[in-house]
Amino acid sequence: MSPPHLTQDDSVALENGNVTDPRVDQIAGHVKEIIRILGLCPDQDPNLINTDRRVARMYLDIFSGLDAGTQPKLTTFPNDEHYTSMVMEKEIAFYSMCAHHFVPFYGHGHIAYIPNDKIVGLSKLPRLLEFYARRPQIQERLTEQIASTLEEELTPQGVMVVIEARHLCVEMRGVKKPGAVTVTSAIRGIFLEKAVREEFLDLMRRR
Ligand SMILES: [Zn+2]
């Protein structure tokens, strides 16, 4: 039996499991008020009807990384092959939201580590980036959080993370510089050595 008063959008939300999340109503109320303050009619304009609830559900989706329960479990395996070279996942696409302006920033992450006695499933590296990206975020912190988590969970010889991203708060407002790319890096352990760092950058740039 379906709950009463379900709109089509609510059915979608039910599938996503957040129709009962009280935050949908709370956020939607504020979004509707913002729309009104902007001089628009959220109850009459057909394009704005339910926009408040769409935005609320979208926020709960794109900010799902705030729920610690969504943190990927970094299942590790013993490094039985005694692999002591670099493991890199590169060109990992991501979307996040700038904590300062609540507009998107997006781009690619490149994540590498050199193991000690533990290795991690390769799919976990993109999932880790995704988890920390799905919250109001700043690029510097995103980069550090990925590196710190890998350092803690794998105790590797070293970790390096580079993130290249375009920020809509730079492109569509403020200094209005379309196409500008912000690059951040977090470097731990053996990657502090120049030769190791250069190998990372060489692998990263190789297409
Ligand atoms: Zn910003």
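Before reading further, recall that the structure is shown in the block above.
The structure displayed is predicted, hence computed values, not measured ones.

Novice: Any chance you could explain helix 2 (residues 22–37) here in plain terms?
Specialist: Think of an α-helix as 3.6 residues a turn; residues three or four steps apart then line up on the same face. Its 16 residues give helix 2 an end-to-end C-alpha distance of 24 Å, which sits within 8% of 22 Å, the value for a rise of 1.5 Å per residue. Buried within helix 2 we find Val24, Ala28, Val31 and Ile35. Take helix 2 and look down its axis: the buried residues cluster within an arc of 70°, on one side only. For helix 2, the exposed residues set more than 90 degrees away from the buried face come down to Pro22, Asp25, Gln26, His30, Ile34 and Ile37. Close packing links the buried residues of helix 2 with helix 3 (51–62). Looking at the residues trailing helix 2, positive phi occurs at Gly39, about 90°.

Novice: Explain the pairing of strand 6 (residues 158–167) here, please?
Specialist: Regular strands show a simple pattern: their side chains alternate between the two faces of the sheet. Summarising burial for strand 6: eight of the 10 residues are buried, a large majority. Alignment of strand 3 (residues 104–114) against strand 6, held across 10 bridges, turns out to be antiparallel. The residue bridging Phe105 from the neighbouring strand is His167, located in strand 6. With eight bridges joining them, strand 6 and strand 7 (residues 182–189) adopt antiparallel strand pairing. Across the sheet, the residue bridging to Gly158 is Gly189, located in strand 7.

Novice: Just to check I follow, could you spell out the coordination of the zinc ion for this structure?
Specialist: Angles between donor atoms at a metal ideally measure 109.5 degrees for a four-coordinate tetrahedral arrangement and either 90 or 180 degrees for a six-coordinate octahedral one. Taken together, Cys98 (SG), His101 (ND1) and Cys169 (SG) make up the protein donors of the zinc ion, found 2.1 to 2.2 Å from the metal. Site description for the zinc ion: donor spacing in sequence, C-x2-H-x67-C. You can see Cys98 sitting in strand 2 (residues 87–98) and its partner Cys169 sitting in helix 6 (residues 168–171), a full 71 residues away along the chain. The same class applies to Cys98 as to Cys169, namely buried.

Novice: Which parts of the structure should I look at to understand the environment of Gly107?
Specialist: Here Gly107 shows up in strand 3. Taking the C-alpha atoms as reference points, Gly107 and Asp80, separated by 27 residues in sequence, lie 34 Å from one another. Those residues within four positions of Gly107 in sequence are excluded, and the remaining contacts are Ile92, Ala93, Phe94, Glu164 and Ala165.

Novice: I keep staring at the side chain of Thr184 and nothing clicks. Help me out?
Specialist: By the element assignment, Thr184 lies in strand 7. Of note is the side chain of Thr184, whose polar atom sits 2.8 Å from the side chain of Thr143. In this structure Thr184 touches Gln139, Glu140, Thr143, Val161, Val162 and Ile163, once residues within four positions along its chain are discounted.

Novice: Sorry, what's going on with the packing of aromatic side chains here?
Specialist: Geometrically, a pair of aromatic rings is defined through the distance of the ring centres and the angle of the planes. If you walk through the whole model with that rule in mind, you get seven aromatic pairs. Plain terms: the ring middles of Tyr59 and Phe63 are 5.2 Å apart, the flat faces sit at 40° to each other, and that makes the pair tilted. The positively charged end of Arg135 is found above the aromatic ring belonging to Phe131, 4.9 Å away from the centroid.

Novice: For this particular structure, what's the right way to read the environment of Ala93?
Specialist: Note that Ala93 resides in strand 2. Through-space distance from the C-alpha of Ala93 to that of Glu130 is 8.9 Å; in sequence the pair is 37 residues apart. Residues within four places of Ala93 in sequence aside, it is in contact with Gly107 and His108.

Novice: What should I look at first to understand the sheet that holds strand 5 (residues 136–137) in this one?
Specialist: Adjacent strands of a sheet form backbone hydrogen bonds with each other and so pair up, either parallel or antiparallel. Taken together, five strands build an open sheet; the order of strands is 5-2-3-6-7 and the sheet is mixed. Each edge of the sheet is formed by a strand with only one pairing partner; in this case those strands are strand 5 and strand 7. Bridge count between strand 2 and strand 5: two bridges; the pairing is parallel. Within strand 5, the residue paired with Cys98 across the bridge is Gln137. Contacting strand 2, strand 3, strand 5, strand 6 and strand 7, helix 5 (residues 139–154) crosses the sheet at an angle of about 20° to strand 7.

Novice: Help me understand the pattern of salt bridges in this model?
Specialist: Should their charged atoms come close, side chains of opposite charge can pair. The full count for this structure, using the stated rule, is 13 salt bridges. Of the charged contacts, one joins Asp21 and Arg23 as a salt bridge, the two residues approaching to 2.8 Å between their closest N and O atoms. In this structure, the salt-bridge partner of Glu33 is Arg36, at a minimum N-O distance of 3.3 Å. In this pair, Glu33 and Arg36 are both assigned in helix 2, three residues apart and thus about one turn of the helix distant.

The rules behind the values
The written sequence of each chain sets the order in which its residues are numbered from 1. A pLDDT threshold of at least 70 governs which residues receive local features in this predicted model, and a stricter bar of 80 or more applies before side-chain atom pairs are shown or counted, although totals over entire chains, interfaces and linings include all residues. The side-chain figures draw on all heavy atoms in the structure; neither hydrogens nor water molecules are used. Helix and strand definitions here come from DSSP, where helices need a minimum of 4 consecutive H or I residues and strands a minimum of 2 consecutive E residues; each element is numbered from the N-terminal end. A helix is expected to span 1.5 Å multiplied by its residue count minus one. For every residue, the accessible area (1.4 Å probe, protein chains only) is compared with the maximum for its type, and the residue is labelled buried under 20%, exposed over 50%, or partly exposed between those bounds. Directions drawn from the helix axis to the C-beta atoms are what define this arc. Contacts were defined at the residue level, with two residues in contact if any of their heavy atoms lie within 4.5 Å. For two strands to pair, DSSP has to find at least two bridges joining them. Coordinating donors are taken to be N, O and S atoms lying within 2.8 Å of the metal, or within 3.2 Å when the metal is Na, K or Ca; because water is excluded from the atom set, some sites may appear incomplete. Polar contact is defined as a pair of N or O atoms within 3.5 Å, subject to the rule that within protein one atom must be able to donate a hydrogen and the other to accept it, and that residues adjacent in sequence are counted only when both atoms are side-chain atoms. Each aromatic pair joins two rings of Phe, Tyr and Trp (for Trp, the six-membered one) with centres within 6.5 Å, and gets the label stacked for planes under 30 degrees apart, edge-to-face for over 60, and tilted for any other angle. Whether a charge sits over a ring depends on NZ of Lys or CZ of Arg being within 6 Å of the ring centre and within 35 degrees of the ring normal. Axis definition: a line fitted to C-alpha atoms, limited for helices to the stretch in contact. Angles are taken between N-to-C directions and run from 0 to 180 degrees. For this document, the term salt bridge refers to a Lys or Arg side-chain nitrogen within 4 Å of an Asp or Glu carboxyl oxygen.

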